[in-house]
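Secondary and tertiary structure notes
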Amino acid sequence: MTSIMASGNAAVASRLRYPLQTEPEVGDGSAVEVAPGVLWLRMPLFAALPWINVWAVKEQGGWAIVDTGLHSPNTIAAWQAAFAGALRGEPASRVIVTHMHPDHCGLAGWLVERGRLQLWMSRLEYLTCRIMAADSGSDAPRDAIDFYRGAGWDDAAIGRYREKFGAFGDMIYPLPASYRRIADGDTLKLGAHEWTVIVGSGHSPEHACLYCPALKLLIAGDQVLPKISSNVSVYPQEPDADPLGEWIGSLAMIKRRIPDDVLVLPAHNSPFHGLHARIEELGESHRQGLARLQQLLCEPRRAVDVFAALFARPISSGLMGMATGEALAHLNYLLRRGLAARELDARGVWWWRASAGA
């Protein structure tokens, strides 16, 4: 899941390098080898974001699959083509999921069930996914309605939210009832090489990246993307969360722990060199957004009133939920650091303002 915030500038873009001359087609069973025994495939997504990168690492007797794409007929057909094509008729040996968003884990359950495999996933990602998928068929809870009314949503927006509530589970084939936990610092032997689990947060609760020093590869998932920014949002389940603080801290941690000479394998766009430059740019983009937001808060504002300070495009009804979540992530960041304050009015709407002396 990617952000609607503007991200990237020409100066930083020029510091990123894309070394691979060819790219896999979407869903036709083709793949590109990014290193010995490591394949890059693409699975179909939506019209606005047409594909996701997934990875296959050669193991004895099969392939470790890293991320899967959505649960959809198109993605199932794409995986069937991949097993018959680039994967040479060899089975999956295990399924590893970086995090719980449907474009990453949507077909994990299908692959696991198909091959009687084990799912490898961090604890918070697995449990959070199971909880959110369980909302399918339920009515939107009162706490969530109050959350969005507090952000300034009108009746029409609340109505659209009620209609779409529970759609998360529709994009995910049911996860297996058990899994193999991975955690920060774990070492996984995938084929001939060892990969270290590097966990970040902010975009999702316990996002697992995989770093292979021998191959100089980083499977980054959505934690570091070259041309777009990861969605960092506050959700009704944890209205006072500080995901932006967590995400900025995670980027700094990755810069400390991962050398700059890796080839970054992102979930979206193309593999690139320039990890540290991209991390610096992502952090600066959010710092600039926070500065614009503070200036706007010289007058009391609702969350829905601050979109112009953060987003470079108009916010349609279809983007309202994402925009509100990201706006609240920035507002909560300022609140936690004493740079903003908020007040609840008689109608249950939160009004935000810059703190005196901030």
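Keep in mind that what you see is a predicted model, and the values were worked out from it rather than measured. (Residues numbered from 1 in each chain as written. Predicted model: local features only at pLDDT ≥ 70, side-chain atom pairs only at ≥ 80, totals over all residues. Heavy atoms only, no water.)

Another aspect to go through is the overall build of the chain. Each helix and strand in the chain was counted, giving eleven helices and 14 strands. In terms of overall dimensions, the chain is globule-like: its C-alpha atoms have a radius of gyration of 21 Å, near the 21 Å expected for 358 residues. On the principal axes, the C-alpha backbone points of the chain span a range of 65 × 45 × 35 Å. Going through the 358 residues of the chain one by one, you find that 55% of them count as buried. Accessible surface, the chain as shown: approximately 15200 Å² in total, 51% of it carbon and sulfur. Measuring between centres, the 34 positive side-chain charges of the chain sit 3 Å from its 37 negative side-chain charges. (Helix = DSSP H or I, 4+ residues; strand = E, 2+ residues; numbered from the N terminus. Rg over C-alpha atoms; globule rule 2.2 N^0.38 Å. Buried < 20%, exposed > 50% of the residue type's maximum accessible area, 1.4 Å probe, protein only. Areas by Shrake-Rupley, 256 points an atom, 1.4 Å probe, with all protein chains shown as cover. Lys, Arg positive; Asp, Glu negative; His and termini not counted. Charge placed at Lys NZ, Arg CZ, Asp CG, Glu CD.)

This part covers the packing of aromatic side chains. To describe a pair of aromatic rings, you give the distance between the ring centres and the angle between the ring planes. Taken as a whole and judged by the stated rule, the model has ten aromatic pairs. Look at Tyr-148 and Trp-153: their rings are 4.1 Å apart centre to centre, the planes differ by 25°, and that puts the pair in the stacked class. Trp-153 shares its class with Tyr-148; the two are buried. The interplanar angle of 55° and the centroid separation of 4.8 Å between the aromatic rings of Tyr-148 and Tyr-161 together place this pair among those described as tilted. With a gap of 13 residues between them, Tyr-148 in helix 6 (residues 142-150) and Tyr-161 in helix 7 (residues 155-164) connect regions that are remote in the sequence. Among the aromatic residues, those joined into a ring-pair cluster are Phe-147, Tyr-148, Trp-153, Tyr-161 and Phe-165. Across the ring face of Trp-51, the terminal group of Arg-42 is positioned such that the distance to the ring centre comes to 3.5 Å. (Phe/Tyr/Trp six-rings, centres within 6.5 Å; stacked < 30°, edge-to-face > 60°. Lys NZ or Arg CZ within 6 Å of the ring centre and 35° of its normal.)

Attention now moves to unusual backbone geometry. The residue Arg-116 is not glycine, and still its phi comes out positive at about 50°. Its relative accessible area of 79% is what places Arg-116 among the exposed residues. Its identity is not glycine, yet Lys-216 carries a phi of approximately 55°, on the positive side. Turning to its location among the elements, Lys-216 is positioned in the loop between strand 10 (207-212) and strand 11 (217-221). On the accessibility criterion, Lys-216 (42% relative accessible area) is partly exposed.

Of all five residues that make up strand 5 (residues 92-96), four are buried, and the element is covered over most of its length. Summarising the sheet, strand 4 (residues 62-66) and strand 5 pair through four bridges and their orientation is parallel. Paired with Ile-65 across the bridge in strand 5 is Val-95. Each parallel crossover has a hand, and the one from strand 4 via helix 2 (residues 73-84) to strand 5 is right-handed. The sheet contact formed by strand 5 and strand 6 (residues 119-121) spans two bridges and is parallel. Bridge pairing in strand 6 links Ile-96 to Trp-120. (Pairing = 2+ DSSP bridges. Right-handed = clockwise from strand over helix to strand, strands pointing away.)

With the rule as written, the count across this model stands at zero disulfides. Considering cysteine sulfurs only, Cys-209 is the nearest to Cys-212, which forms no disulfide, with 14 Å between them. (Disulfide = S-S within 2.5 Å.)

With that settled, consider the sheet that holds strand 7 (residues 180-181). Across the sheet, which stays open at both edges, the seven strands sit in the order 1-2-3-4-5-6-7 with mixed pairing between neighbours. Bordering the open sheet on either side are strand 1 (32-35) and strand 7, each of which pairs with just one other strand. Each of strand 2 (38-44), strand 3 (51-59), strand 4 and strand 5 is contacted by helix 2, which is oriented at about 150° to strand 2, the strand it contacts most. Strands strand 4, strand 5 and strand 6 of the sheet are contacted by helix 4 (residues 108-115), whose axis makes an angle of about 155° with strand 5. (Contact = heavy atoms within 4.5 Å. Axes fitted to C-alpha atoms, helices over the stretch in contact; angles between N-to-C directions.)

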